[in-house]
Amino acid sequence: MTKAVVGLVTCSSRAEARTVAKAILTKKLAACVNIMNGLESHYWWQGKLARAGECLLLIKTTRARARGVTSVVKAAHSYQVPEVIFLPVESGESKYLNWIQKSVTKK
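Figured I'd write up the structure that's included with this text. (Residues numbered from 1 in each chain as written. Predicted model: local features only at pLDDT ≥ 70, side-chain atom pairs only at ≥ 80, totals over all residues. Heavy atoms only, no water.)

1. Quick notes on the packing of helix α1 (residues 14-26) against helix α2 (residues 66-76)
Between α1 and α2, whose axes approach to 9 Å, the crossing angle comes to 140°. As judged from the angle between their axes, α1 and α2 are oblique. Considering how the two elements wind past one another, α1 and α2 form a crossing that is right-handed. From α1, Glu16, Val20, Ala23 and Ile24 reach across to α2, where they touch Val69, Val72, Val73 and Ala76. (Axes fitted to C-alpha atoms, helices over the stretch in contact; angles between N-to-C directions. Helix = DSSP H or I, 4+ residues; strand = E, 2+ residues; numbered from the N terminus. Parallel < 35°, antiparallel > 145°, perpendicular 65-115°, else oblique. Left-handed = near helix turned anticlockwise from the far one by under 90°. Contact = heavy atoms within 4.5 Å.)

2. Considerations on the sheet that holds strand β1 (residues 4-11)
Taken together, the 4 strands give an open sheet; going across it, the order is β2-β3-β1-β4, and neighbouring strands pair in antiparallel fashion. Edge positions in the sheet fall to β2 (32-45) and β4 (85-88), since each has one partner strand and no second. Within the sheet, the average angular offset between the axes of one strand and its neighbour, ignoring direction, is 30°. Bridge analysis of β2 against strand β3 (residues 48-62) gives 12 bridges, and the strand direction is antiparallel. Across the sheet, the residue bridging to tyrosine 43 is alanine 50, located in β3. Relative to β2, α1 is tilted by about 125°, and along the sheet it contacts β1, β2 and β3. (Pairing = 2+ DSSP bridges.)

So far we have only geometry, and geometry alone does not tell us how the molecule works.
Structure (structure tokens):
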């Protein structure tokens, strides 16, 4: 198990995704944020089935920065209950994992 995690956050639009990504990166809470367009999400909301077009953020960060990412997402996001999920990175290319760690270390 590494110190790296990948965060998943869905956003209502590309513009919102860019705003959230910039807020995360500006605070050095992630090494990289990818924006994936064209998602169609189906989910339960307020007792009813709902569907929406969304963008997905893939956030490369560390366990130590996950709480900070969550706070920034909640502050910058339009959803009442934004998706903020972190998945552990079991293993990976060592230079890439080191880059993530160095990128989120405040100097």
